Amino acid sequence: MAEVKLAAQVRTEFGKGAARRTRRANLVPAVVYGHGAEPVHVTLPGHELMMALKTANVLIGLEIDGKDALVIPKAVQRNPLRGDIEHVDLLTVKRGEKVNVEVAVHVEGDLAPGGNLLEYVQNTLLVEAEATHIPESVTVSVAGLDAGASVLAKDIPLPKGSVLAGDEDAVVLQVVAAQAEEPTAESAEAGAEA
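Residues numbered from 1 in each chain as written. Predicted model: local features only at pLDDT ≥ 70, side-chain atom pairs only at ≥ 80, totals over all residues. Heavy atoms only, no water.

K.L.:
Lay out the sheet that holds strand β8 (residues 116–120) with the relevant residues and their values.
P.N.:
Ordered by their spatial adjacency, 3 strands build an open sheet running β8-β13-β11, and the pairing between neighbours is antiparallel. Lying at the two open borders of the sheet, with one neighbouring strand each, are β8 and β11 (150–152). Within the sheet, the average angular offset between the axes of one strand and its neighbour, ignoring direction, is 15°. Judged from the 3 bridges that link them, β11 and strand β13 (residues 171–177) form a sheet pairing that is antiparallel. In the sheet register, leucine 152 faces β13, and the bridge partner there is valine 171. (Pairing = 2+ DSSP bridges. Helix = DSSP H or I, 4+ residues; strand = E, 2+ residues; numbered from the N terminus. Axes fitted to C-alpha atoms, helices over the stretch in contact; angles between N-to-C directions.)

Now the structure itself:
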C-alpha cells in the first residue's frame, strides 16, 4: 500500500469555536496518539485528507514540526448532512509493527441457480497485518453455493502476512432461499377481476 504524505500543523486553540474556525479555513482538526506518547492535537489540509481517506486503512506519513510520524486512521467523524470530515483520530504505527484493522469483504462468482440470495452478515473482517502491508480488501468465492450454505471467517483466504484477529467461527456470508409472499385474499380477487 502506498503511503500518503500530509503536512500537519500543531493546534494551540481548542473548543467548539476554534474547531469551527479551523474547518472554515478548509482544515480538519485531528489527534495523533499511540505508543504511550502524549496525544498531539493537529490540523490537516481538508481536501488532501479527504482524498487520502478514500482508501480504506490508508497509511499516512505526517510531518509535524519537522518530525515524521507514520499513522493510520482509527476514527473519522463526518458531518451527517454534508458528509465532510469534522475530526479524525490517527494512531501512530511503526514499520514492521502488527496492527488490527477492519478489512472489506468482497465476493466473486455466481450462486447456485434457483433464486438464492446472498446475505452479508458482516461487511468487514478483523485482521492483523503489518502496518505497511495492510490489505485493502479480501475476496471470497461464492460460486455454486446453495441455500443454507454459509461462509465462516476462517474459510476466507487472507493475503500473505495477514492473520485473522476476530472470531474464526463467525458467519460472514450466508445463502438464503428467496421467499415468495403469499397472495392475500384482496389481491387474489383484484387479479381475478382484471
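K.L.:
Can you break down the pattern of salt bridges residue by residue, with the values?
P.N.:
Between side chains of opposite charge, a pair can form when the charged atoms approach closely. The tally for this structure, following the rule as stated, stands at 3 salt bridges. The salt bridge partner of glutamate 13 is arginine 21, with a shortest N-O separation of 3.5 Å. The salt bridge involving arginine 82 is made with aspartate 84; its shortest N-O contact spans 3.4 Å. A relative accessible area of 33% places aspartate 84 in the partly exposed class. (Salt bridge = Lys/Arg side-chain N within 4 Å of Asp/Glu carboxyl O. Buried < 20%, exposed > 50% of the residue type's maximum accessible area, 1.4 Å probe, protein only.)

K.L.:
Outline the environment of aspartate 167, supporting the account with residue identities and numerical values.
P.N.:
Mapped onto the elements, aspartate 167 comes out in the loop between β12 (163–164) and β13. Of the residues examined, aspartate 167 reaches a relative accessible area of 52% and is grouped as exposed. Linking aspartate 167 and leucine 126, residues 41 residues apart in sequence, is a C-alpha distance of 8.6 Å. Within the structure, aspartate 167 has its side chain in polar contact with the backbone nitrogen of aspartate 169 (distance 3.1 Å). (Polar contact = N/O pair within 3.5 Å; in protein donor to acceptor, adjacent residues only side chain to side chain.)

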